[in-house]
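# Coordinate analysis (summary)
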Amino acid sequence: MNLYLNNTDFAEMNFNVRYDMENGFDFGYVDISNDGGATWANIASITGVQSAWTPSNVNLTAYVGNVVDIRFRFQSDSSVSDQDGGYDSSLNGFDGAVY
């Protein structure tokens with residue numbers, strides 16, 4: 001997702017999230033890139049269980065003046081496979097999720 005963070009002094013991304021992950025072993029990440037995806041920085045992470053849709057936000061003010069890409073990423077170990085992973089409010093699974 002490309003975000004143009006021009007002509008502003010403050011930027012924030014708001015979304016809803018729910019997840020069912022092995023706490024401390026499986027993680028959902030929000031990553032940002034300001035170089036077209038050549039490199040990524042983690043700006044938020046989640047783990048554990050949140051069964052209800054919950055508002056979440058990420059402050060993007062440090063990236064004002066840039067065009068940025070955002071991705072949702074899931075990382076899991078292979079020891080527990082009965083959990084659901086994570087979802088953002090667009091109803092897409094975090095990419096890389098194994099169900």
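Details of the structure are given in the entry above.
Residues numbered from 1 in each chain as written. Predicted model: local features only at pLDDT ≥ 70, side-chain atom pairs only at ≥ 80, totals over all residues. Heavy atoms only, no water.

What follows is about the overall build of the protein. Across its full length, the protein holds zero helices and seven strands. Secondary structure elements of the protein occur, N-terminal to C-terminal, as β-β-β-β-β-β-β. Expressed as a percentage of its 99 residues, the buried residues of the protein come to 30%. Considering only residue pairs separated by 6 or more positions, the protein has 72% of its internal contacts joining residues 24 or more positions apart. With an accessible surface of roughly 5,800 Å², the protein has 46% of that area assigned to carbon and sulfur atoms. (Helix = DSSP H or I, 4+ residues; strand = E, 2+ residues; numbered from the N terminus. Buried < 20%, exposed > 50% of the residue type's maximum accessible area, 1.4 Å probe, protein only. Contact = heavy atoms within 4.5 Å. Areas by Shrake-Rupley, 256 points an atom, 1.4 Å probe, with all protein chains shown as cover.)

What follows concerns unusual backbone geometry. Trans is the prevailing form of peptide bonds, just as negative phi is the prevailing case for residues other than glycine. The backbone of Asn7 shows a phi angle near 55°, a positive value even though the residue is not glycine. Relative to the elements of secondary structure, Asn7 occurs in the loop between strand S1 (2-4) and strand S2 (12-20).

Here we take up the pattern of salt bridges. Taken as a whole and assessed by the stated rule, the structure comprises two salt bridges. Of the charged contacts, one joins Asp31 and Arg71 as a salt bridge, the two residues approaching to 3.0 Å between their closest N and O atoms. Note that Asp31 is positioned in strand S3 (residues 27-33) and Arg71 in strand S6 (residues 67-75), a separation of 40 residues in sequence. When its relative accessible area of 1% is taken as the criterion, Asp31 is described as buried. (Salt bridge = Lys/Arg side-chain N within 4 Å of Asp/Glu carboxyl O.)

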